[in-house]
Amino acid sequence: MGVEEEQIVMPGDKLGIVEQYVPGNGTYDDDGEIKSSVLGNVKINQKNKVISVDSKLESPALLKKGDIVYGQITDIKSQRANVNIDCIKDNPRPLALPYMGAIHISQAKKDYLEKLSDAFRIGDIVQAKVVKITGDNIDLSTVDKECGVLKAMCTRCRDYMHTTKKKDEVKCNACNRKERRKISINYVNG
Ligand SMILES: [Zn+2]
């Protein structure tokens, strides 16, 4: 069993296991199984044991567990913040679908968070990690230090905010209002 050189595969098709091959371009490691992330032809480098899939089309990107994504906060409920996912980090291809993700209050930051509005506000640009995909539900986490708010929007005047010397505090460029956020170490000031 297994795929053959030049065989046409679809996104999600199983190509082999990590004990057999090194996952190359157009593939991903799904808990030890190598799967295709694109529609294309299988290429097997027997010398290096690298399996890859050459995309015939400029196929759109599909989200998978572990991806780092950029998006904008669209809504905040008591338990979850909704994120409109714009793109995948280091992946120039557009997303196949307009994905909506959600950050559960327990996945926002390491420390206890009393309310989600102390971490995010509507309009904020965030970096987040995909932790789980169940059907149409995409669970995101911002616990890692690279993840969190990249650009915060002032709730009073909608202007962007800059970080202050205090941890997880931002201050409005226009009206000087101070607010709290879960700030990424990649926060964009100015
Ligand atoms: Zn303001």
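What counts and what doesn't
- Residues numbered from 1 in each chain as written.
- Predicted model: local features only at pLDDT ≥ 70, side-chain atom pairs only at ≥ 80, totals over all residues.
- Heavy atoms only, no water.
- Donors = N, O, S within 2.8 Å, 3.2 Å for Na, K, Ca; no water.
- Tetrahedral: all angles 85-135°; square planar, octahedral: opposite > 155°, others 65-115°.
- Domains from an automatic or database assignment.
- Pairing = 2+ DSSP bridges.
- Helix = DSSP H or I, 4+ residues; strand = E, 2+ residues; numbered from the N terminus.

S.K.: Just give me the short version of the coordination of the zinc ion, but keep the residues and values in it.
M.R.: Geometry sets the ideal angles at a metal, namely 109.5 degrees for four tetrahedral donors and 90 or 180 degrees for six octahedral donors. Summarising the metal site, the zinc ion is bound by the protein donors C154 (SG), C157 (SG), C172 (SG) and C175 (SG), whose distances to it range over 2.3 Å. In this structure, the zinc ion is surrounded by 4 donor atoms whose angles at the metal cover 98 to 122 degrees, and the resulting shape is tetrahedral. Spacing between the donor residues of the zinc ion along their common chain follows C-x2-C-x14-C-x2-C.

S.K.: Help me get a handle on the domain arrangement of the protein chain, residues and values and all.
M.R.: Taken domain by domain, the protein chain comprises domain 1 (8-55) and domain 2 (68-180). For domain 1 versus domain 2, the distance between C-alpha centres works out to 33 Å.

S.K.: Explain the pairing of strand β10 (residues 100-104) to me, and be specific about the residues and the numbers.
M.R.: Bridging between strand β9 (residues 80-88) and β10 involves 5 bridges; their strand directions are antiparallel. The residue bridging N84 from the neighbouring strand is M100, located in β10. Sheet topology note: the β10/strand β12 (residues 137-141) ladder contains 3 bridges and is parallel. Residue pairing for β12: I103 is matched across the bridge by L140.

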